[in-house]
Amino acid sequence: MSALTYYRSSLSAETLKLKNTFALWLSILAPCALLSMNVLVFWSKGQHFVTEGVNPWHKFAMQNFSIYTILLLPLFIALLTSLTNGIEHKSNGWKHLYSLPLPKATIYTAKATTVLGLVLLSNVVFVVAYLAGGLFLLLVRPDLGFESMEGLAVVFVAVLKLFLATFVIIALQFWLSIRWSSFALSMGVGIVAIITVMVAMRWEYIHYYPFAYPFMAIKGFPNEAEVYNLFSQEVLLSLGGGALVFILGYLDISRRRIS
Amino acid sequence: MLFFVATYAAYHKTMKPFIIETHGLSYSFGKRQVLQNLELRVPQGAIFGFLGPNGAGKSTTIRILLGLLPVPKGQVRVHGHDLHNNRIEILRRTGSLIEMPTLYRHLSGHDNLEMHRRMVQAPKSRINEVLQIVGLTQDAYRKTKEYSLGMSQRLGIALALLADPELLILDEPTNGLDPSGIREVRELIIRLNREFGKTIFLSSHLLSEIEKCATELAIIDKGATLYQGSLPQLYQGAFQSSVLQLETSNDAIARKLLTDHQYELLPQQGDVLAVQVQDRQQVARLNRFLIVNGLEVYRLSTHTHNLEELFLNITKGEAEPAALQETILAGKV
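Residues numbered from 1 in each chain as written. Chains lettered and ligands numbered in written order. Predicted model: local features only at pLDDT ≥ 70, side-chain atom pairs only at ≥ 80, totals over all residues. Heavy atoms only, no water.

K.L.:
Honestly, the overall build of chain A in this entry has me stumped. Any pointers?
P.N.:
When its secondary structure is counted, chain A shows 11 helices and 0 strands. When the helices and strands of chain A are listed from N to C terminus, the series reads α-α-α-α-α-α-α-α-α-α-α. Residue burial in chain A is summarised as follows: out of 259 residues, 51% are buried. Here the contacts in chain A between residues at least 6 apart in sequence split such that 84% fall between residues at least 24 apart. On chain A, roughly 11,400 Å² of surface is accessible, and the fraction owed to carbon and sulfur atoms is 70%. (Helix = DSSP H or I, 4+ residues; strand = E, 2+ residues; numbered from the N terminus. Buried < 20%, exposed > 50% of the residue type's maximum accessible area, 1.4 Å probe, protein only. Contact = heavy atoms within 4.5 Å. Areas by Shrake-Rupley, 256 points an atom, 1.4 Å probe, with all protein chains shown as cover.)

Structure below.
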């Protein structure tokens, strides 16, 4: 049997495992919750945000991005990874998984794919909820100018860039949560990440700090030239660093004795 | 020399193949030695009881057999292949249940099976078959968090059966079950062996459990094999050190007769005569001897060491060495 067959069967099992789990709901509900809060903000106080010459769609996106990148994403990724790997910790599943006739690498990769897929899903939900929110504001606040749907492409590219820039954080949290069953550890790291990013925002080397990559990646928004440079330094560092952490994480996990 | 080789080959052909073999298996966690030169020979088609007190190294052995703990080449062979190089091939033909089954509680029994089925790539129809075998067809679509312990355990066995393996490795499958649950699982194990021809490697710390279904057994303690062989052989070993109690119409005469004929009398307890006997034939001879000498024999009872005591004795290293040595040697053939 080929590695691809192993991977496919392992991945299809992982997706079934997500059925009825909080992790799945979280990746759908978290962006919706954020967007709906901001819809309320724009609904009631939109005039303070959308001033002369400002594209309301961009302003609405920025409002969401700032919270999303700094506050929500680090915690959200911590939650998602620890919930997904927690399924195994909770049901004593590792020894079972590793005693199946599957290469260990397949099991690891399938799990990692699942987590990446969940984050991607939530980014898609984010875009959909963003569009729905904007259209809703078009109905309830016609004065804000949401009827001209121009310059949306830059928002979509920014979200894609954001996703790529979170790769290293996902990899790191994935390793933490697969290695230790503690939920508090993942959350603690997430919280520390938020605080350090907020405190060190103006530090000259902040763009090397992995937890700041998502924020740095879309800092130029809505400047099209900056956003369209998809593989900027942060994104490249994130992809490279993430791949490295995934590989090192696997080496660590595959050598561990399963008790 | 040629003759030796030829006979050896012939011997090998007639011998039942071993499904699990360990050769001087040793394992340690850091400085703590868990297994020391463990020798196991599990014949194909057996229910093999793997017995030992808690902490004897049973779970470690099972984890090694399932490839969860790395061992060097040449120490473990399963299905005739070396575990070191053929992990996946071996696991494909092996089903396992380690202590509590791994059940995803948020999914139904059916979904748990479906998920496992996708990973081991069994045909879809197999799900209903295994549900039938373990008797969970009715409850297949209930969430497993509603399952009783016994049902969970049976679902665990169903999971192990999905890929239709020739070998089932069950680690303490009756742990924590109530008597009816224990019975259900035990009957299932026996049925799997008799009807479906599965070889079953069954670990337990309860001798009474093993005794009820195993055909072969190994007793280990502190990581080393203390006994390996069939159950009747173990009983024989136990009998060799047994005590015969008797009551006759005239115990005083009986006592004299027995001492005169070199029977080994034990200190009397109350009205009962106690004699050390070596085997069953001796009991019969003794009985006839007393009757021929005109005594009436009211009671003859062998106080066999039960297996539980024997087990305790073996694992505490207090068993009568001579008697046991023989059976150990006999069992190791």
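K.L.:
When you look at empty space enclosed by the protein in this model, what are you seeing that I'm missing?
P.N.:
Summary: where empty space remains is shown by rolling a probe the size of a single water molecule over the atoms. Across all of its chains, the model carries 5 cavities of 30 Å³ or more by this definition. Empty space within the largest cavity amounts to approximately 100 Å³. Lining the largest cavity are 13 residues; nearest its centre among them are A:Leu100, B:Thr94, B:Gly95, B:Ser96 and B:His116. Only β6 (94–98), α4 (109–120) and α6 (149–161) of chain B provide two or more residues apiece to the lining of the largest cavity. Tallying contributions element by element places β6(B) first for the lining of the largest cavity, with 3 residues. Residues that form the lining of the largest cavity fall into these classes: 7 nonpolar, 6 polar and no charged. (1 Å grid on protein atoms, 1.4 Å probe; cavity = no way out; pocket = protein on both sides within 12 Å on 5 of 7 lines; lining within 4 Å. Points joined across faces, edges and corners; volume = space filled by probe spheres on them. Nonpolar A, V, L, I, M, F, W, Y, C, P; charged D, E, K, R; others polar.)

K.L.:
Just checking my understanding: could you explain the interface of chain B and chain A for this structure?
P.N.:
Interface extent is often summarised as the accessible area lost during association of the parts. Each partner contributes to the interface: chain B provides 30 residues, whereas chain A provides 31 residues. Looking at the side of chain B facing chain A, the largest losses of area belong to B:Leu68, B:Arg118 and B:Met119, adding up to 23% of the total buried there. For the pair chain B and chain A, the number of links is 1 salt bridge. A salt bridge links B:Asp111 to A:Lys19, with the shortest nitrogen-to-oxygen separation between them at 2.5 Å. Summed over the shared surface of chain B and chain A, the number is 14 residue pairs in polar contact (both at pLDDT 80 or more). Every element with two or more residues in the side of chain B that touches chain A is listed here: β1 (18–29), α3 (87–92), β6 and α4 of chain B. When residues of the side of chain B that touches chain A are assigned to their parent elements, the largest contribution, 7 residues, is made by α4(B). Its residues assigned to classes, the side of chain B that touches chain A comprises 15 nonpolar, 8 polar and 7 charged. (Buried area = accessible area lost by both parts, 1.4 Å probe. Salt bridge = Lys/Arg side-chain N within 4 Å of Asp/Glu carboxyl O. Polar contact = N/O pair within 3.5 Å; in protein donor to acceptor, adjacent residues only side chain to side chain.)

K.L.:
What should I look at first to understand the side chain of B:Gln75 in this one?
P.N.:
Residue and element names in this part refer to chain B. Take Gln-75: it is sitting in the loop between α2 (58–65) and β4 (76–78). Note on Gln-75: relative accessible area 15%, which makes it buried. Not counting chain neighbours up to four residues away, the residues in contact with Gln-75 comprise Glu-21, Thr-22, His-23, Gly-24, Leu-25, Ser-26 and Asp-82.

K.L.:
I'm lost on the environment of B:Arg142 in this one. Help?
P.N.:
All names here are of chain B. For Arg-142, the position within the fold is in the loop between α5 (125–134) and α6. Residue Arg-142 is classed as partly exposed on the basis of its relative accessible area of 32%. When sequence neighbours within four positions are dropped, the list of residues in contact with Arg-142 reads Ser-108, Gly-109, Tyr-147 and Met-151. Engagement of the side chain of Arg-142 in a polar contact is seen with the backbone oxygen of Glu-146, the distance being 3.3 Å.

Shape descriptors only; they carry no functional weight alone.
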